[in-house]
Each structure stands twice: as C-alpha cells, then as structure tokens.
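Commentary on secondary and tertiary structure
Read off the chains here:
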Amino acid sequence: MNPLRELKIGLKTLAMRSFVRGLTLTRDPVATVLGRTALADPYPHYERIRARGEVSRHLVGLYLTAGHGTAKSVLRDPRFGVEPAVDHVGVDWNIDAGDAERLAHPMEQSILTMNPPEHTRLRRLVAPWFTASALREFTPRAQEIVDNALDDLVARPRFDLVTDYASRVPVEVISALLDIPAADRFQFARWGSVLAGTLDGIRTLSERRAVHRTVSEMTEFLSYLLARRRIGHGDDLVSRLAHTEPGEGGVRELVALVGLLLVAGFETTVNAIGSGALRLMGDTELRAALLDDSELAAPIVEETLRLEPPVQFTLRKALEPVEVAGQELAPGAMLVVLLAGANRDPLMFPDPTRFDPTRANVREHLAFSVGAHYCLGAGLARITATAALDGLFRRRPDLAPAGTVRYKQTRNIRGCSAIPVEAAGARISLGRS
Ligand code: HEM
C-alpha cells in the first residue's frame, strides 16, 4: 500500500466529512437527510422536503424529490442514469492505485451502477432465475430454510430476533439460490454489512480499509467459485454465468454480478423481517389477524416496506438536459430520489402514516425502486420475508420485545440491529427462576 496515496485519501475523506458536517450546521434539509442528525427518525425531514415542492434544489447543489409521482417518472426515465458512487462522492473506495482494475466491487462495478446497453446485457443473464415461475419452484426451499431456523430457536425462550433469526434466513436463502454452501454464511453476512454501510459514503480510513479487505476477499472467493463451475456442467445460475462469454468488462463483470446477487438481499431483507416483526409485536390486533389468516402476511410485508423501506433513497444523474416538475436540470445534475419519502406521499397513500395492509394499492410503494433498476430480487425478498414473518408468529405467537431495540447507524440502509425478544410464557418461567 502506497503511504502517500493513503495520506491523500485520508485528507480527502476528512475534507468531505467536514464539508457535510459544516452543511448540517446550516440546517439545510439535504445535509440533514444525508448527514447523521436524522438517523433516529428521518421521516419528518422527508415531509419538509416534499413541502418545498415536487423537486427542489438545495444548498449542496443536489436536487431532491419525495413525491411519489415524480420519483416514479424519474426512475423510469431513460434520460436519467446511474453511476458509481466514486464519481459523485469523489472519494475512491480502493486503496492501491490499479485495484479498480483487479478487484470487482459488487455495487460500484455491477449492474446497480451501469447504464444500458451493458446493464441490459448483464441483467438479462441472471433474470431467468428471478421470474415468477422460477421463484414458485424455489419457494418450498425458502420455506424449508425458515422452518429449520425456527426449529433451532424452539429451545430458546429468549433470543435476538435480528442476529438469531432475521439475519440468518436471507443469507441461507440466497446461498441456496446460488447453490453456494451456507457454511460460509457468517462471512457472507459480514461482507454484506460492510458494503451496505458504505452506501452512506466512506467516512474514515479504517472504513476504507474494511471495504478494500471485503472487496478483495469477495473477488477471490467468487473468482474461484466461477472458475470451479466453469469446469463442471451444472445448470445453476453461477454455472451458467461461468460458461458465459464475458463482455468488455471481462470475468470481473461476472464476479461483480454474482457478488451483487449475494449481498444485495442481505441487509435489506433482514431489515424488512426485523421491521415487520417489530410491528407485529407492537400491534396485537394485527398479529391476531395474521394468526387468523396467513394470506395477510404478504400485504403486511408490503406495508412494512412502504413505511420502513430498507433502502431509503437512491440517486440518478441527468444524462441530458431534462425538465422535471418545472425544474430545468442540466446534464450531470444529481437527483436524490427519496424512496421512503415517496412511500408516504399522501397523494398516493391517503393517511400515509397509518399501517394498513388492506390498502387497495398496497404494492405501489417504491421500496424496490422502479424502472430499469427495479430490484431484481423483489420476488425473492417478498417470498423470504413473508415466510419468515408468518412462520415466526405461527410458531411463537406470544413473542414480545424483551429489551432495548437498537437501530443500525446507517442512513441509506435502515433497520434494526438488535431486537431482544422472549415468548410471554417464557417470561413467567424466567421470572420465577
Ligand atoms: C426487502 C428486500 C430488498 C429491498 C428493499 C431491495 C431494494 C432494492 C432497491 C431500492 C434497488 C434499486 C436501487 C436503484 O433504483 O437505484 C434494488 C436493486 C437490486 N436488488 Fe434489491 N432489494 C431487496 C432484496 C433483494 C434481494 C433478495 C436480491 C437478491 C438477488 C436483490 C437484488 C438486487 C439487484 C441485483 C439489484 C440491481 C438491479 C439493477 O440495477 O438492475 N435485492 N434493490
């Protein structure tokens, strides 16, 4: 590692941090939402931003929208594109010059940050594994993973719902879909959590080192996996990719794609399960209705995603001059699409803060985005979260919080880091002992 380069990166990171901190002092709503002051409850800030207009320009030069209609049309508009965060945040994730050529970052160098035609070509390679019919076939396997996780909790009157349950199920589900042994699940989960944290930007040199280490480990693991599958004749997703002729990006683009599939659904689905369980434990009527009718689990997941979207916002860049809701955006202008704000737009969802799984438009939220980058794993996430929540309360109907619920300290990815729980019956016996 070149110490001069590391020093330069350190200074740049510090300058970025001081800049954002300085802006927060101006009480600019963008800095508030993108900074750390709104972590506890970001939702009133989104309301404030929407109250300024469908699209507003803020001190930092970014445009924002928290309106459902505008968000949806921007996300579907080919005049907007995506780009790697390094291009707009201005600080690189890699430490050694040249690593961007050698390593495959699952977010920075995958379809998530690519535009057509590369995006379309690569997404098509893996889309067949995420169609409704492919997922229908996979559902019993996901259900089996949920059942096994619940079996392991049977003897435990107290446990942490996030660590012992919500974090386990999505990792095992995606590992099964990719046909990768789940034995490495703790390592996968760690990779997912490091990378999810960087969606907020990289604030310190030690965070940068952690990202670098994670991307190096993932690149090595996945390159080996693809090389092994290239020898075989399997028809699983990774084997098919391994036999694909790589495009201009070489094998690295395939490594990044498998990496994205592996980690994109971890923190997100974990948070959806955690938030849903928290809601059900706090609302006895809703829980009774679910126990009465399993069909309610799916709309409960949708309403959870609407009100507590695990991905709070995304970014788009104007690729050409474009007018949005009366604002002229020049090419290169960046627009923050507040998915979580759009999900509470009263024009789309009357009485938006009310949790109502019977809403006619319950699936119209933007938690999975929309348009070209619509979450490829949305169907899988829905199956996983629905089975996880329904299974949990069917097996532990009297589950209740048993300690302090803690939230992750990340602003783009939102969810609980700890939900200590116990079965009500257990509380009595534990109290006696
Ligand atoms: C509740 C769980 C999940 C949520 C809330 C979620 C949310 C999102 C969002 C908001 C985007 C689009 C970002 C943008 O428009 O810029 C996205 C993209 C993506 N998600 Fe998910 N996701 C979830 C689960 C999953 C799962 C389980 C997978 C498994 C494969 C997955 C794979 C992907 C991929 C591959 C993309 C990139 C799509 C593209 O760029 O074309 N996600 N997700």
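Bear in mind that the values here come from a model prediction, so they are computed numbers and not experimental data.

**Overview of the side chain of Thr-304**
Looking at where Thr-304 falls in the secondary structure, it is placed in helix α17 (residues 297-307). When its relative accessible area of 5% is taken as the criterion, Thr-304 is described as buried. In this structure the side chain of Thr-304 is engaged in a polar contact, spanning 2.7 Å, whose partner is the backbone oxygen of Ile-300.

**A word on helix α7 (residues 118-126)**
Each turn of an α-helix holds 3.6 residues, which means side chains three or four residues apart point in the same direction. Of all the positions in α7, only His-119, Leu-122, Arg-123 and Val-126 are classed as buried. Taken down its axis, α7 places every buried residue within 100° of arc, on the same side. Of the surrounding elements, those touching the buried residues of α7 are α13 (237-242) and α14 (251-264).

**Some words on the site of the ligand**
Surveying the vicinity of the ligand reveals 28 residues, the closest of which are His-119, Arg-123, Thr-314, His-373 and Cys-375. Taking Arg-316, its side chain carries an N or O atom lying 2.7 Å from an oxygen atom of the ligand. Note that an oxygen atom of the ligand is positioned 2.6 Å from one of the side-chain N or O atoms of His-373.

**Observations regarding the sheet that holds strand β12 (residues 420-423)**
The sheet built from three strands is open, its strands ordered β4-β12-β9 with antiparallel pairing. Of all strands in the sheet, those bounded by a partner on one side alone are β4 (158-160) and β9 (399-401). Here the average twist between neighbouring strands, direction ignored, is 35°. The sheet contact formed by β9 and β12 spans three bridges and is antiparallel. Along β12, the bridge assignment pairs Ala-400 with Glu-422.

**Some words on the packing of aromatic side chains**
The geometry of two aromatic rings is summed up by the distance between their centres and the angle between their planes. Taken as a whole and judged by the stated rule, the model has five aromatic pairs. Seen from their ring centres, Phe-188 and Trp-191 are 5.6 Å apart, and the 40° between their planes marks the pair as tilted. A residue pair is termed a helical-turn pair when its members lie 3 or 4 positions apart in one helix, as Phe-188 and Trp-191 do in helix α11 (residues 185-197) at three residues. Residue classification places Phe-188 among the buried positions, given a relative accessible area of 0%. Here the aromatic rings of Trp-191 and Phe-221 are separated by 5.6 Å at their centres, their planes lie at 70°, and the arrangement is edge-to-face. Here Trp-191 is found in helix α11, whereas its partner Phe-221 is found in helix α12 (residues 205-231), with 30 residues between them in sequence. The residues Trp-191 and Phe-221 share a single accessibility class, namely buried. One aromatic cluster in this structure is built from Phe-188, Trp-191 and Phe-221. Cation over ring: Arg-306 sits above Phe-349, and NZ or CZ is 4.9 Å from the ring centre. Arg-344 extends its terminal NZ or CZ atom over the ring of Tyr-43, reaching a point 3.7 Å from the ring centre.

**Topic: the layout of surface pockets**
Any empty space left between the atoms is revealed when a probe the size of a water molecule rolls over them. For the second largest pocket, the calculated volume is near 380 Å³. Forming the boundary of the second largest pocket are 18 residues, of which Val-162, Thr-163, Ser-167, Arg-168 and Phe-186 lie nearest the centre. For the lining of the second largest pocket, the elements supplying multiple residues, two or more each, are α8 (132-153), α9 (161-166), α10 (168-178), α11 and α15 (266-282). Looking at the lining of the second largest pocket residue by residue, the class counts come to eight nonpolar, three polar and seven charged.

**Brief notes about the packing of α12 against α14**
Remark: α12 packs on α14, axes separated minimally by 9 Å, with the N-to-C direction vectors making an angle of 110°. With respect to each other, α12 and α14 are oriented roughly perpendicular. Facing α12, whose interface residues are Met-218, Thr-219, Leu-222, Ser-223, Leu-226 and Arg-230, α14 presents Val-251, Leu-254, Val-255, Val-258, Gly-259, Leu-262 and Val-263. In terms of residue class, the contact of α12 with α14 is made up of nine nonpolar, three polar and one charged.

**Section: unusual backbone geometry**
Cis geometry is adopted by the peptide bond preceding Pro-117, which originates at Pro-116 and carries an omega value of 5°. Among the structural elements, Pro-117 can be located in the loop between α6 (99-102) and α7. For Asp-179, which is not glycine, the phi dihedral falls at a positive 60°. Considering the arrangement of structural elements, one finds Asp-179 in the loop between α10 and α11. With a phi angle near 45°, Ala-325 is a residue other than glycine that sits in the positive phi range. Structurally, Ala-325 can be placed in the loop between β6 (322-324) and β7 (327-329). Using a relative accessible area of 48% as the deciding quantity, one classes Ala-325 as partly exposed.

**Notes on empty space enclosed by the protein**
Evaluated as defined, the whole model comprises one cavity of 30 Å³ or more. Of the volumes computed, that of the largest cavity is approximately 60 Å³. Looking at the largest cavity, the residues that line it are Val-33, Ala-38, Leu-39, Pro-42, Tyr-46, Thr-410, Arg-411 and Arg-414. In the lining of the largest cavity, the residues fall into five nonpolar, one polar and two charged.

**Concerning the nonpolar core**
Within the largest apolar cluster, 86 residues are counted, with the highest numbers of intra-cluster contacts made by Leu-161, Tyr-165, Leu-178, Leu-262, Leu-392 and Phe-393. Core analysis: the next-biggest nonpolar cluster, separate from the first, contains 17 residues, Val-55, Ala-71, Val-74 and Ala-318 among them.

**Details of the sheet that holds strand β3 (residues 80-81)**
The mixed open sheet is built from five strands, whose spatial order is β1-β2-β8-β5-β3. What marks the edges here is a single partner per strand, and that holds for β1 (56-57) and β3. Pairing between β1 and strand β2 (residues 63-65): two bridges, direction antiparallel. Each residue of the ladder has a partner; that of Arg-57, found in β2, is Tyr-63. Sheet strands in contact with helix α4 (residues 68-76) are β2, β3, β5 (314-318) and β8 (334-337), and its direction is about 125° off that of β8.

Thresholds applied
Residues numbered from 1 in each chain as written. Predicted model: local features only at pLDDT ≥ 70, side-chain atom pairs only at ≥ 80, totals over all residues. Heavy atoms only, no water. Helix = DSSP H or I, 4+ residues; strand = E, 2+ residues; numbered from the N terminus. Buried < 20%, exposed > 50% of the residue type's maximum accessible area, 1.4 Å probe, protein only. Polar contact = N/O pair within 3.5 Å; in protein donor to acceptor, adjacent residues only side chain to side chain. Arc of directions from axis to C-beta. Contact = heavy atoms within 4.5 Å. Near = heavy atom within 4 Å. Pairing = 2+ DSSP bridges. Axes fitted to C-alpha atoms, helices over the stretch in contact; angles between N-to-C directions. Phe/Tyr/Trp six-rings, centres within 6.5 Å; stacked < 30°, edge-to-face > 60°. Lys NZ or Arg CZ within 6 Å of the ring centre and 35° of its normal. 1 Å grid on protein atoms, 1.4 Å probe; cavity = no way out; pocket = protein on both sides within 12 Å on 5 of 7 lines; lining within 4 Å. Points joined across faces, edges and corners; volume = space filled by probe spheres on them. Nonpolar A, V, L, I, M, F, W, Y, C, P; charged D, E, K, R; others polar. Parallel < 35°, antiparallel > 145°, perpendicular 65-115°, else oblique. Core = buried A, V, L, I, M, F, W, Y, C linked by side-chain atoms within 4.5 Å.

Purely geometric numbers; function is a separate question.
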